[in-house]
Amino acid sequence: MLYADIAFVHVLQEIIEILGTLAFAISGIRHAAAKHYDWFGGFVCGIAVAIGGGTLRDVMLGVTPFWMTSPLYIVCTLLAQTIVIVFSRSLKKLDNAWLAFDTLGLALFTIAGIQKTLSCGHPFWVAITMGCITGVAGGIIRDMLLNKTPVIFQKEIYAMASIAGGLLYWLMMESGVNVAVTVVFTFLMIVVIRFMAIKYHISLPVLKGEK
């Protein structure tokens, strides 16, 4: 039974990482398209946001970066680029499409980061931190490539949504809730917090500098 649970979590983790890669890659390529980058520039932005956070996480955990274990993640980025190129006109009509993909990527990669950290035997406070890093670091790299202020440093609730999701994951696992159910509720919580914060302009207090 224990072996079956471990195998299930491993498969679930791989599915989440693939979906997160696709969502984040679309987000990054959409941002590059808005800046009128060429196809190669779009791919670079897409792959940066798709693997950046997970790579940093895996290096800190001392394991082989996830995208080096299978070409599937690069294929996902190529698929994302194809989607953006082929459906560019349709995506342009959806002004907030990039926001949706960015939020989905944040939620999926936060969960993937938590699960992988726990599988490496680290305590939950480390897992929550790594989940946040996995979810937001790629976006920081993307925004730096696009010469933009990273979203995490702006007023929008972004990293805090990831941390809140991590705390919910911990509470549910401590309560003995099924992993699949925990994943679904964590995903929904991160997405809802992010969308609600944007819709109702909820943000953290801004630091005030010297006048």
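Residues numbered from 1 in each chain as written. Predicted model: local features only at pLDDT ≥ 70, side-chain atom pairs only at ≥ 80, totals over all residues. Heavy atoms only, no water.

Inclusion rule: UniProt positions are given in the numbering used here, feature names are shortened, and annotations may be inferred rather than shown by experiment.
In the nomenclature of an unreviewed UniProt entry, the chain corresponds to Trimeric intracellular cation channel family protein from the organism Hallella seregens ATCC 51272. Under the UniProt heading Sequence similarities (unreviewed entry), the entry covering the chain gives this text: "Belongs to the UPF0126 family."

## Here's the deal with the overall build of the chain
Put simply, the rule is: Strands are runs of DSSP state E lasting at least two residues, helices are runs of H or I lasting at least four, and both sets are numbered from the N terminus onward. It is over C-alpha atoms that the radius of gyration is taken, and the globule rule equals 2.2 Å times the number of residues to the power 0.38. Classification of residues uses two cut-offs on accessible area relative to the type maximum, computed with a 1.4 Å probe and protein chains only: under 20% is buried, over 50% is exposed, and between them is partly exposed. Throughout, a residue-residue contact means that at least one pair of heavy atoms, one from each residue, lies within 4.5 Å. Here the positive residues are Lys and Arg and the negative ones are Asp and Glu; neither His nor the chain ends is included. Charge placement uses NZ in Lys and CZ in Arg. For Asp and Glu, CG and CD serve respectively.
Check the secondary structure of the chain and you find eight helices and zero strands. Counting helices and strands in the order they occur from the N terminus, the chain gives α-α-α-α-α-α-α-α. At 17 Å, the chain has a C-alpha radius of gyration in line with the 17 Å of a compact globule built from 211 residues. Taken over the C-alpha atoms alone, the chain extends approximately 50 × 50 × 30 Å along its principal axes. Buried residues in the chain amount to 45% of all 211 residues. Restricting to contacts in the chain with at least 6 residues of sequence separation, those with at least 24 account for 75%. Averaging the locations of the 14 positively and 11 negatively charged side chains of the chain gives two centres separated by 13 Å.

## Focus: unusual backbone geometry
Both trends apply: most residues other than glycine have a negative phi, and most peptide bonds are in trans. Within the chain, Asn-147 stands out as a residue other than glycine whose phi angle is a positive 60°. Position of Asn-147 among the secondary structure elements: in the loop between helix H6 (124–145) and helix H7 (159–174). Looking at Asn-147, the relative accessible area reads 71%, which means it is exposed. Backbone geometry at His-201 places phi at a positive 55°, although glycine is not the residue there. Note on His-201: relative accessible area 70%, which makes it exposed.

## Brief notes about the packing of aromatic side chains
This is how it is decided: Ring geometry is summarised as follows: Phe, Tyr and Trp rings, the Trp one being its six-membered ring, pair when their centres sit within 6.5 Å, and such pairs are stacked at plane angles under 30 degrees, edge-to-face over 60 and tilted between the two.
Overall, the coordinates contain four aromatic pairs when judged by the stated rule. Arranged with centres 5.4 Å apart and planes meeting at 70°, the rings of Phe-24 and Phe-109 form a pair that is edge-to-face. Of this pair, Phe-24 sits in helix H1 (residues 2–34) while Phe-109 sits in helix H5 (residues 97–119), placing them 85 residues apart in sequence. Taken together through their ring pairs, the aromatic side chains of Phe-24, Phe-66, Tyr-73 and Phe-109 make up a single cluster.

## Things to note about the pattern of salt bridges
Quick note on the threshold: In the sections that follow, a salt bridge refers to a side-chain nitrogen of Lys or Arg positioned within 4 Å of a carboxyl oxygen of Asp or Glu.
The full count for this structure, using the stated rule, is five salt bridges. The shortest N-O distance in the salt bridge between Arg-57 and Glu-17 comes to 3.1 Å. Of this pair, Arg-57 sits in helix H2 (residues 39–61) while Glu-17 sits in helix H1, placing them 40 residues apart in sequence. As far as burial versus exposure is concerned, Arg-57 and Glu-17 are alike and both buried. A salt bridge links Lys-116 to Asp-58, with the shortest nitrogen-to-oxygen separation between them at 3.2 Å. Residue Lys-116 is located in helix H5, and its partner Asp-58 is located in helix H2; the two are separated by 58 residues in the primary sequence. Using a relative accessible area of 12% as the deciding quantity, one classes Lys-116 as buried. You can call Asp-58 buried: its relative accessible area is 0%. Sharing partners across several salt bridges, the network here consists of Glu-17, Arg-57, Asp-58 and Lys-116.

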